[in-house]
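For reference, the chains in residue letters:
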Amino acid sequence: MLQTILVPTDGSEHANKAVDLAADLAGKYDGRMVILHILLRHASAMELKALAQELGASDALLQRIAKAEDAYAETAMAAYGPVPLMVPDNILIEMGELITEAAEKRAKAHGARDFTVRVTDGAPAEVILKAADHEQADAIVMGSRGLGNLTGLLMGSVSHKVANHAVATCIAVK
Ligand code: ATP
Ligand code: MG
């Protein structure tokens, strides 16, 4: 019944729980797991730094993130207010690799035997919905919240949109 399970991950605690549950289900149903990460273009430098530290990123990567943070502070000061954060692509790609490597480890540890990893770019909810169609996912297992877990809302904007529009069954893990 659950042959293909799509698990989008932004590396957050909620997404980690989603990976664990998806792997458990994939193991039990002998299903395939698709681990999907969309580059973190909307994450703040603070979120990126905290996540990089948690994932055991190299000193070189941490330094590059610190540099991006400094550049952001300078631009914001010059603009007299907040401006969009432009983190260089190479940082986001490396973060994506770290996030999916960690997800792969969790998936293996929780019983998944067959999984594919995809790192891509775009608007997260749209990419997740497209990937679910393309992969013919029977279920999407995602976190109810993600990295931007600041407000008291139950669902993040990505999980909310995906749950509303997906054809496949959605599980938003708490
Ligand atoms: P918001 O982004 O609206 O501030 P949030 O970060 O708390 O809120 P979401 O972004 O909706 O919550 O994240 C919910 C789930 O959606 C995550 O746990 C993850 O499964 C998935 N997700 C969110 N962003 C990405 C991403 N860039 N790549 C892959 N999966 C993602
Ligand atoms: Mg988010």
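Just above, that's the structure.
Residues numbered from 1 in each chain as written. Chains lettered and ligands numbered in written order. Predicted model: local features only at pLDDT ≥ 70, side-chain atom pairs only at ≥ 80, totals over all residues. Heavy atoms only, no water.

A. Main features of the packing of helix α5 (residues 124–134) against helix α6 (residues 157–165). Interaxial distance between α5 and α6 falls to 9 Å at its minimum, and their mutual angle equals 35°. Crossing angle aside, the handedness with which α5 passes α6 is right-handed. For the pair formed by α5 and α6, the contact residues are P124, A125, E126, I128 and L129 on the first element and V158, K161, V162 and H165 on the second. (Axes fitted to C-alpha atoms, helices over the stretch in contact; angles between N-to-C directions. Helix = DSSP H or I, 4+ residues; strand = E, 2+ residues; numbered from the N terminus. Left-handed = near helix turned anticlockwise from the far one by under 90°. Contact = heavy atoms within 4.5 Å.)

B. Quick look at the site of ligand 1. Every one of the 20 residues lining ligand 1 counts as a neighbour, but P8, R145, G146, S157 and V158 are closest to it. Note that an oxygen atom of ligand 1 is positioned 2.8 Å from one of the backbone N or O atoms of R145. At 2.8 Å from an oxygen atom of ligand 1 is found a main-chain nitrogen or oxygen belonging to G146. Notes on ligand 1: free accessible area 620 Å², of which the protein chains cover 87%. Contributions of two or more residues to the shell around ligand 1 are made by β2 (32–38), β4 (139–143) and α6. Of the residues that constitute the shell around ligand 1, the class distribution is eight nonpolar, 10 polar and two charged. (Near = heavy atom within 4 Å. Polar contact = N/O pair within 3.5 Å; in protein donor to acceptor, adjacent residues only side chain to side chain. Areas by Shrake-Rupley, 256 points an atom, 1.4 Å probe, with all protein chains shown as cover. Nonpolar A, V, L, I, M, F, W, Y, C, P; charged D, E, K, R; others polar.)

C. Examining the pattern of salt bridges more closely. If you walk through the whole model with that rule in mind, you get 10 salt bridges. Here R64 makes a salt bridge to E94, at a shortest N to O gap of 2.7 Å. Placement of R64 in helix α3 (residues 59–78) and of E94 in helix α4 (residues 89–109) is noted, with a sequence separation of 30 residues between them. Residue E94 is classed as partly exposed on the basis of its relative accessible area of 25%. Between K161 and E126 there is a salt bridge whose closest N-O contact spans 2.7 Å. Linking K161 in helix α6 with E126 in helix α5, this pair joins segments that are 35 residues apart in sequence. For E126, a relative accessible area of 35% corresponds to the partly exposed category. (Salt bridge = Lys/Arg side-chain N within 4 Å of Asp/Glu carboxyl O. Buried < 20%, exposed > 50% of the residue type's maximum accessible area, 1.4 Å probe, protein only.)

D. Expanded view of the packing of α3 against α4. Interhelical geometry of α3 versus α4 gives an angle of 135° and a closest axis separation of 10 Å. As judged from the angle between their axes, α3 and α4 are oblique. Our pair here, α3 against α4, has a crossing hand that is left-handed. For the pair formed by α3 and α4, the contact residues are L61, R64, I65 and A68 on the first element and N90, I91, E94, M95 and L98 on the second. Taken together, the residues that form the contact of α3 with α4 break down as six nonpolar, one polar and two charged. (Parallel < 35°, antiparallel > 145°, perpendicular 65-115°, else oblique.)

E. Structural context of the pairing of β2. For β2, a buried count of six out of seven residues is recorded, marking the element as mostly surrounded by other parts of the structure. With five bridges connecting them, strand β1 (residues 4–8) and β2 associate as parallel partners. Its bridge partner being in β2, L6 is matched across the sheet by V34. In this view, the connection linking β1 to its parallel neighbour β2 by way of helix α1 (residues 13–29) has right-handed handedness. Of the strand pairs in this sheet, β2 and strand β3 (residues 114–120) are connected by seven bridges, and their pairing is parallel. Within the sheet, the bridge partner assigned to R32 lies in β3 and is D114. (Pairing = 2+ DSSP bridges. Right-handed = clockwise from strand over helix to strand, strands pointing away.)

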